[in-house]
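# Overview (structure and organization)
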Amino acid sequence: MDKKLIVSLSPHIHSGNTVKGAMYGVLIALIPALLTSLFFFGLGAFIVIVTAVLSCVLFEFLIQKFLLKQKTTICDGSAVLTGLLLAFNLPSNLPIWIIIIGSLVAIGIGKMSFGGLGNNIFNPALVGRVFLLISFPTAMTSWPLPGQWSSYLDATTGATPLALIAAGQEAGYSPMDMFFGSMNGSLGEVSAIALLLGFAYMLIRKIITWHIPVAIFVVAALMSLICGLNPIEQLFSGGLMLGAIFMATDYVSSPMNKRGMIIYGAFIGALTILIRKFGAYPEGMSFAILIMNAFTPLINTYVKPKRFGEVVKNG
Amino acid sequence: MNLILIALITLGVIGAIGAVILYLVAQKFYVYEDPRIAQVDEVLPQANCGGCGYPGCKGFADACVKATTLEGLNCPVGGAEVMAQVASVLGQEVVAADPKVAVVRCQGSCEVRPSTSQYDGAKSCAVAANTFSGETGCSFGCIGLGDCVVSCEFDAIHMNPVTGLPEVDDEKCTACGACVKACPKFIIELRKKGKSNRRIYVSCVNKDKGGVARKACTKACIACTKCQKECPFDAITIENNIAYIDNDKCKSCRKCEPVCPTGAIVALNFPPRKEKPVVNQAPKPVTPKPDVTPDGKPQAPAEPKAPETAAPAAEKPQTPEQPAKPETENTKDINETVKAETPKQPEAVQTSLFKEEEIGVSR
Amino acid sequence: MLKTFFLGGIHPAENKLSAQKKVETLDLPKQVIIPLGQHIGAPAQAVVKKGDKVKAGTLIAQASGFVSANIHSSVSGTVAKVDVIADSAGNLKPAVVIDVEGDEWEEAIDRSADLKKEITLDSKAIVDKVKECGIVGLGGATFPTHIKLMPPPNTKAEVIIINAVECEPYLTSDHQLMLEKADEILVGVKILMKSVNVNKAIIGIENNKPDAIKLMTEKAKDYPEITIQPLKVKYPQGGEKQLIDACISRQVASGALPISTGAVVQNVGTAFAVYEAVQKNKPLFERVVTVTGKAVAKPSNFLARVGTPMSVLIEAAGGIPEDTGKIISGGPMMGKAMPTVNTVVVKGCSGILLMKDFESRRKEMTDCIRCSKCVNVCPMGLTPSYLMRVCELSMWDKAETDRVMDCIECGSCSFTCPANRTLLDYIRLGKGKVGGIIRARAASTATK
């Protein structure tokens with residue numbers, strides 16, 4: 001045989017897992033939430049989502065091609081995911097130019113300035129979202145009421161349940177409404193059932209583990225009880241579901257082992273409720289996740305996975 | 001008036017308190033430092049280039065003061081002059097600095113050393129060496145994945161994309177030894193730079209028996225002992241089927257080079273040239289040429305540095321006289337291609353040196 | 001619920017193409033090359049020289065040092081040379097080359113097929129016999145068996161665990177051996193039990209071999225002290241520590257020997273070899289080798305003599321397919337890719353796997369996305385992505401504190417990585433370096 005044999009170290013087979021596969025898996029898990037957002041917010045939702053996704057992909061392409069001069073990786077789906085998650089965190093009546101700014105910040109500052117996928121410290125979509133929240137507080141906190149199919153910038157807005165609670169009033173929506181998503185709020189966060197469907201899908205596909213979301217839910221519920229808030233309302237409103245299932249579990253910016261994930265999730269849950277209760281913003285999820293993103297390297301350094309033989313059960 | 005007075009007094013008092021605190025802290029945290037470090041530091045060129053292998057001139061001064069002899073310590077920028085000053089400051093003997101340079105002892109390019117398998121693992125020589133003996137029949141030669149390049153802090157060693165072997169830039173190399181440690185095959189050696197960069201060494205580390213080694217690589221040392229018999233200074237030893245030229249005994253007479261039947265002995269930078277910027281692969285004209293000329297960019301006009309562009313020009317007239325001839329003779333029976341292409345040597349060498357980027361692209 | 005080990009693990013496609021294929025005895029080759037380093041530890045010292053006549057079973061190399069094993073001729077014939085020859089990694093290692101003439105065995109070997117149940121030797125004599133016959137662990141690690149049968153004085157063996165898991169995809173040699181030599185294996189287990197004075201043995205078999213489980217359970221009815229333990233299919237269950245965890249729910253502490261849990265683990269092939277050595281006086285010079293691969297015409301199990309060139313086995317299985325890209329000695333998860341087909345079958349070679357060209361190439365490596373998949377699958381609870389990073393940067397002290405030495409090199413991390421990172425390549429490098437550092441430190445403290 002004159003052909004040269006290939007030599008490499010074991011293992012010689014691969015599972016076929018790919019980065020692309022994981023990213024598209026998350027995108028598939030987001031489809032129920034996407035559909036509900038289109039159902040409740042119609043045209044506005046469509047415009048916001050399309051703008052955010054397209055501009056994120058475009059910015060990633062431009063930066064990789066012309067600024068970093070590296071191979072473009074827009075096909076791996078991570079930019080699409082960032083765009084979609086960013087859109088899900090925006091109100092449906094946001095002007096296009098604000099969305100584009102948000103995308104630029106998310107991709108340019110949140111992701112590419114650290115060296116691209118895998119190297120960013122913070123969740124890029126949240127970086128974009130928080131930047132917009134601080135820069136355009138009015139636009140970012142006036143959420144259209146659901147059910148206005150054909151309206152975009154002219155949609156009637158109203159205060160969200162969380163804003164009402166923070167102002168000391170009743171939430172104004174029944175738990176059932178909140179569960180199915182018939183309330184005003186950011187695009188993707190309104191329907192708990194759609195998000196939970198996505199969560200189930202990701203668990204079955206083993207894209208994520210249960211640790212972070214469950215830790216967030218449990219601790220957030222406990223904290224809201226301690227703070228005298230209604231845990232059901234807190235869990236189902238204001239992007240906690242979206243944040244816990246899709247944002248906090250972002251591979252790159254969350255801890256690498258199960259112990260670390262539980263600590264991370266618990267702190268996010270607690271911080272969210274604390275910010276909601278005592279902070280100036282009625283909504284605390286984004287800030288809580290970004291704060292804990294910053295602690296992720298620390299958690300990775302000091303919290304090691306459970307090791308084989310750690311508990312010696314001799315005799 | 002009163003206001004000014006109050007302001008002055010207040011500021012004055014604050015200043016005084018600050019001064020006292022500073023004084024006390026300075027006393028408390030005073031670290032004794034050998035005053036000679038500062039003195040040595042003063043005579044150094046303050047280029048902070050790190051060429052000596054220490055973090056800046058201060059670090060080098062520190063090392064000089066702590067060392068019992070100045071042997072092995074050398075400031076490549078200041079040279080002998082500065083080292084003499086350092087020695088006088090420290091009251092020590094001037095140790096004649098023997099500038100060294102890293103030398104890659106392998107000529108196993110793709111053509112002389114055909115590959116027998118292909119490696120498909122992590123791009124690291126250390127990992128590859130851990131995996132198996134190498135892609136070729138020679139289990140001692142260069143792997144070519146560039147651990148040495150990564151290890152070099154001075155950008156002095158680069159892979160030649162044509163030969164697949166690392167090449168050392170004499171001017172940038174500070175002989176810090178990082179590449180020597182990085183190479184898992186122990187191919188790189190620090191050798192004396194030699195007068196006018198003239199060096200002669202056995203460019204092979206294959207310890208296999210002659211037949212095996214020769215089969216794996218046409219440029220391998222086959223331990224035929226011809227060079228050993230030829231050497232008038234007893235500088236060549238043969239151990240483990242490999243010849244080695246003792247740096248201290250070698251007088252660079254170059255008698256061994258023509259007798260080597262495989263061309264494993266490499267003589268560099270003969271005949272004398274004032275300044276020639278590179279490389280240990282210089283007398284090995286085989287590979288680069290055919291790969292490069294078809295690209296139509298064999299010349300190196302895009303040369304950034306003026307002196308380096310000048311060098312090849314000076315090189316050409318000399319080549320046929322001395323260095324090419326002996327090699328053509330001795331390699332005749334071994335390798336016809338070598339002979340045929342020898343006259344193109346300077347061009348080829350030069351391309352491989354300076355046009356690395358372009359070659360990489362055009363390939 | 002079936003038992004399995006606790007942490008991590010993966011489920012690679014099984015591809016047991018050669019299952020249910022009867023073990024065929026391979027024709028003798030013209031020449032065998034018997035390497036002298038077929039085991040972990042020091043290579044054996046040759047005791048024959050060129051021109052010597054040997055028979056199958058003749059001692060040709062003597063164990064040198066504590067961790068070493070005897071080597072016997074696998075054929076009868078004349079010693080052609082004692083020289084250094086390229087091993088499976090291409091490095092030159094000492095070996096004995098024998099030209100085959102006829103098939104004459106040493107007289108002491110009982111070549112009959114009768115089952116000999118009665119164990120006459122005492123425990124010390126068994127260990128000596130095992131040592132004399134050059135038996136090593138046949139699962140692939142090739143650790144000399146007699147050392148495992150002599151537990152350190154402060155430990156006490158409580159149970160023998162027989163590794164019949166065969167968790168590597170493709171390989172079927174142990175499976176087939178069980179189906180054909182069940183009685184002999186059970187006697188071998190009894191011998192092993194006697195050698196370390198325990199009265200309990202567990203044979204762990206993965207659930208993907210129901211026929212073997214059924215047969216062994218039936219045969220084991222005569223031996224009440226031997227339990228057949230079906231195990232849930234999960235790689236790397238055949239790892240010594242994982243198997244102990246799966247069978248008796250005890251975990252070997254980091255840095256400790258498996259014997260600290262009271263378990264002595266032996267491969268099922270080793271049990272058979274021990275039977276042959278003790279009852280039939282036959283040294284270890286042949287073994288069952290699976291030859292398989294998706295493109296192989298006839299995936300088979302062969303009984304091959306040690307030193308048979310792999311090309312002979314591949315030829316017997318239908319030759320090398322056109323698009324073969326990689327030839328692996330062992331299974332796809334832990335086996336070694338070989339640079340040439342000229343290498344030979346050694347004691348630890350459980351299979352030869354021929355992979356197609358497109359299967360053999362690794363995909364392009366991208367940046368780590370910290371998905372923690374490698375952490376989740378690591379059966380030792382390590383953080384492979386971090387270990388790769390520190391090993392890449394030569395930070396050996398960090399690698400040591402993060403227990404790089406605990407790695408069992410099962411390959412689960414590289415297998416599962418979505419970014420195709422070469423995790424195990426670097427971790428293995430780190431293990432080598434850190435191991436060297438630890439040994440050097442031990443040596444320097446010893447001299448102080």
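Residues numbered from 1 in each chain as written. Chains lettered and ligands numbered in written order. Predicted model: local features only at pLDDT ≥ 70, side-chain atom pairs only at ≥ 80, totals over all residues. Heavy atoms only, no water.

## Notes on the overall build of chain C
We apply this condition: A run of DSSP states H or I qualifies as a helix once it reaches four residues; a run of E qualifies as a strand once it reaches two. Both are numbered from the N-terminal end. Just to be clear, the radius of gyration here is over C-alpha atoms, and the globule rule we use is 2.2 Å times residues to the power 0.38. For every residue, the accessible area (1.4 Å probe, protein chains only) is compared with the maximum for its type, and the residue is labelled buried under 20%, exposed over 50%, or partly exposed between those bounds.
The helix and strand tally for chain C stands at 14 helices and 17 strands. Here the C-alpha atoms of chain C give a radius of gyration of 21 Å, agreeing with the 22 Å that 2.2 N^0.38 yields for 448 residues. If you line up chain C on its principal axes, its C-alpha atoms span 60 × 55 × 50 Å. Evaluated residue by residue, chain C yields a buried proportion of 58% over its 448 residues.

## A few points about unusual backbone geometry
Looking along the chain, the bond that leaves Ser10(A) and enters Pro11(A) is cis, with omega of 0 degrees. A positive phi angle is found at Asp234(B), which is not glycine, with a value near 55 degrees. Counting through the fold element by element, Asp234(B) comes out in the loop between α9 (226-230) and β7 (236-239). Here the phi dihedral of Asn15(C) falls at roughly 50 degrees; this positive angle occurs in a residue that is not glycine.

## Observations regarding the pattern of salt bridges
Residue and element names in this part refer to chain C. The condition is simple: Any carboxyl oxygen of Asp or Glu within 4 Å of a side-chain nitrogen of Lys or Arg constitutes a salt bridge here.
Scanning the model with the defined rule gives 39 salt bridges over all chains in all. One salt bridge connects Glu276 with Lys282, and the closest N-O pair in it is separated by 3.1 Å. Through salt bridges with shared partners, one network takes in Asp103, Arg111, Glu276, Lys282, Glu286 and Arg305.

## Thoughts on helix α7 (residues 268-280) of chain C
All names here are of chain C. Note the following rule: The span you would expect from a helix comes to 1.5 Å times its residue count less one. Polar contact criterion, stated in full: a pair of N or O atoms within 3.5 Å, where within protein one must be able to donate a hydrogen and the other to accept it, and residues adjacent in sequence count only if both atoms are side-chain atoms.
Here α7 contains 13 residues, and its C-alpha end-to-end distance of 17 Å stays within 8% of the 18 Å for a straight helix at 1.5 Å per residue. Summarising burial for α7: 13 of the 13 residues are buried, a large majority. For α7, the side-chain oxygen to backbone nitrogen distance between the N-cap and Gly269 is 2.7 Å, and the N-cap itself is Asn267. At the C-terminal side of α7, Asn281 shows a positive phi close to 65 degrees.

## Notes on the pairing of strand β1 (residues 100-104) of chain B
Residue and element names in this part refer to chain B. To keep it simple, the criterion reads: At least two bridges found by DSSP between two strands is the condition for calling them paired.
In terms of burial, β1 is largely enclosed, as four of its five residues are buried. Pairing of β1 with strand β5 (residues 188-192) involves five bridges; the strand directions are antiparallel. Bridge pairing in β5 places Ala102 opposite Leu190.

## Topic: the interface of chain B and chain C
Put simply, the rule reads: The contact definition used throughout considers only heavy atoms, calling two residues in contact when any of these lie within 4.5 Å. Each residue receives one of three labels: charged for Asp, Glu, Lys and Arg, nonpolar for Ala, Val, Leu, Ile, Met, Phe, Trp, Tyr, Cys and Pro, and polar for the others, Gly being one of them.
Taken together, the contacts link 18 residues of chain B with 14 residues of chain C. For the pair chain B and chain C, the interface holds one salt bridge. Put simply, Asp83(C) and Lys209(B) hold a salt bridge, and the shortest N to O gap is 4.0 Å. Secondary-structure elements contributing two or more residues to the side of chain B that touches chain C are β2 (117-119) and α5 (125-131) of chain B. Of the residues assigned to the side of chain B that touches chain C, the class counts are five nonpolar, nine polar and four charged.

## Some details on the sheet that holds strand β15 (residues 324-329) of chain C
All names here are of chain C. Stated precisely, the cut-off is as follows: Every axis corresponds to a line fitted to the C-alpha atoms, with the helix fit spanning only the stretch in contact, and the corresponding angles, defined between N-to-C directions, vary from 0 to 180 degrees.
One open sheet accounts for six strands, arranged β1-β14-β13-β17-β15-β16; its pairing is mixed. At either end of the open sheet lies a strand with only one pairing partner, and these are β1 (23-25) and β16 (336-337). In the sheet, strand β13 (residues 286-292) pairs with strand β14 (residues 300-305) via six bridges, with the strands oriented antiparallel. Bridge pairing links Arg287 to Ala304 in β14. Packing against the sheet, helix α3 (residues 173-180) makes contact with β1, β13 and β14, and its axis sits at approximately 125 degrees to β13.

## As for the interface of chain A and chain C
As a measure of interface size, the accessible area lost when the parts come together is often cited. We count it as follows: The term buried area denotes the loss of accessible surface (1.4 Å probe radius) that occurs when two parts are joined, taken as the sum for both partners.
Facing the 43 residues of chain A at the interface are 72 residues of chain C. Taken over both partners, the interface formed by chain A and chain C buries close to 4800 Å², and the fraction arising from carbon and sulfur atoms is 54%. Joining chain A to chain C, the criterion identifies three salt bridges. A salt bridge links Asp402(C) to Lys304(A); the nearest nitrogen and oxygen atoms lie 3.1 Å apart. Put simply, chain A and chain C have 22 residue pairs in polar contact (both at pLDDT 80 or more) between them. Of all the elements in the fold, those that place two or more residues in the side of chain A that touches chain C are β1 (5-7) and α13 (258-278) of chain A. By residue number, the principal contributor to the side of chain A that touches chain C is β1(A), which donates three residues. Across the side of chain A that touches chain C, the residue classes break down as 18 nonpolar, 16 polar and nine charged.

## Describing the environment of Ala106(A)
Residue and element names in this part refer to chain A. Its location among the elements puts Ala106 in helix α4 (residues 96-111). Expressed as a C-alpha distance, the spacing of Ala106 and Leu126, which sit 20 residues apart in the sequence, is 7.3 Å. With sequence-adjacent residues up to four places away left out, Ala106 is seen in contact with Thr82, Lys111, Pro124, Ala125 and Gly128.

## Some words on the layout of surface pockets
Our working rule: Computed over the protein atoms alone on a 1 Å grid, cavities are sets of points where a 1.4 Å probe fits but cannot get out and pockets are open sets with protein on both sides within 12 Å along at least five of seven lines; a residue lines them when it has an atom within 4 Å of a point. Grid points are joined across faces, edges and corners, and a volume is the space filled by probe spheres set on the points.
Its volume calculated, the second largest pocket comes out at about 1200 Å³. Together, 46 residues line the second largest pocket, and Lys206(A), Thr209(A), Lys373(C), Asn376(C) and Val377(C) are the ones closest to its centre. Residue assignment for the lining of the second largest pocket shows that the elements contributing at least two residues are α1 (19-29), α10 (211-226) and α13 of chain A together with α10 (373-377) and α13 (412-416) of chain C. Partitioned by chemical class, the residues of the lining of the second largest pocket number 20 nonpolar, 17 polar and nine charged.

## Looking at helix α3 (residues 56-66) of chain B
For α3(B), a buried count of eight out of eleven residues is recorded, marking the element as mostly surrounded by other parts of the structure. Regarding α3(B), the residues found buried are Gly56(B), Cys57(B), Gly59(B), Phe60(B), Ala61(B), Ala63(B), Cys64(B) and Val65(B).

## Focus on the domain arrangement of chain C
Residues and elements named next belong to chain C. To keep things clear, this is the line we draw: Residue ranges assigned to each domain were obtained from an automatic or database domain assignment.
When the domains of chain C are assigned, the result is domain 1 (26-100), domain 2 (123-280), domain 3 (286-360) and domain 4 (373-442). Contact residues are listed per partner, giving 17 residues for domain 1 and 19 residues for domain 3. The contact between domain 1 and domain 3 buries some 1400 Å² in all, and 64% of this surface belongs to carbon and sulfur atoms. It is Leu26, Gln38 and Ser88 that lose the most area in domain 1 upon contact with domain 3, and together they represent 47% of the buried surface on that side.

## Remarks on a nonpolar patch on the surface
Using the following cut-off: Patch definition: residues above 30% relative accessible area lacking any salt bridge, with like charges linked at up to 9 Å and the nonpolar side chains Val, Leu, Ile, Met, Phe, Trp and Tyr linked at up to 5 Å. Per-residue and other accessible areas follow the Shrake-Rupley method at a 1.4 Å probe size, with only the shown protein chains counted as cover for residues.
Judged by side-chain polarity, Leu203(A), Trp210(A), Val214(A), Val218(A), Leu222(A), Leu225(A) and Ile262(A) come together as a nonpolar surface patch covering roughly 600 Å² of accessible area. Sorting elements by how many residues they give to the nonpolar patch places α10(A) first, with four residues.

## A few points about empty space enclosed by the protein
All names here are of chain A. This model, assessed by the stated rule, comprises 19 cavities of 30 Å³ or more. If you add up the space inside the largest cavity, you get close to 280 Å³. Taken together, 22 residues line the largest cavity, and the ones lying closest to its centre are Met23, Leu81, Leu85, Asp250 and Tyr251. Counting residues per element, the ones that place at least two in the lining of the largest cavity are α1, α3 (78-88), α5 (124-135) and α12 (240-247). Top element by residues in the lining of the largest cavity is α3. It accounts for four residues. Across the lining of the largest cavity, the residue classes break down as 15 nonpolar, five polar and two charged.

## Side note on the packing of aromatic side chains
Filter applied, for reference: Ring pairs shown here join Phe, Tyr and Trp side chains whose ring centres sit within 6.5 Å, with only the six-membered ring taken for Trp; geometry is labelled stacked below 30 degrees between planes, edge-to-face above 60, and tilted in between. We call a charge positioned over a ring when the NZ of a Lys or the CZ of an Arg lies within 6 Å of the ring centre and within 35 degrees of the ring normal.
Applying the stated criterion across every chain, the model contains six aromatic pairs over all chains. Seen in terms of ring centroids, Tyr119(B) and Phe132(B) are 5.9 Å apart; in terms of plane orientation they differ by 20 degrees. Their pairing is stacked. With a gap of 13 residues between them, Tyr119(B) in strand β2 and Phe132(B) in the loop between α5 and α6 (147-151) connect regions that are remote in the sequence. Both residues of the pair, Tyr119(B) and Phe132(B), belong to the buried class. Each ring, one from Trp105(C) and one from Phe285(C), has its centre 5.1 Å from the other, and the planes form 80 degrees; the classification is edge-to-face. Of this pair, Trp105(C) sits in the loop between β8 (92-100) and α1 (123-132) while Phe285(C) sits in the loop between α7 and β13; the two residues are 180 residues apart in sequence, bridging distant segments of the chain. Taking the relative accessible area as the measure of exposure, Phe285(C) reaches 0% and is therefore buried. Taking NZ or CZ as reference, Lys282(C) lies 5.5 Å from the ring centre of Phe285(C), over its face.

## A closer look at the confidence of the model for chain B
The cut-off we apply is this: Scored from 0 to 100, pLDDT records how confident the predictor is in each individual residue.
Mean pLDDT over chain B stands at 74; residues scoring 70 or higher make up 72%. Mean pLDDT values over the elements of chain B span from 38, in helix α16 (residues 356-362) of chain B, up to 93, in helix α1 (residues 2-28) of chain B.

## Let's talk about the environment of Gly51(C)
Residue and element names in this part refer to chain C. Looking at the element boundaries, Gly51 is found in the loop between β3 (45-46) and β4 (53-54). On the basis of relative accessibility, which here comes to 43%, the residue Gly51 falls in the partly exposed class. Excluding residues that lie within four positions of it along the chain, Gly51 makes contacts with Thr78 and Val79.

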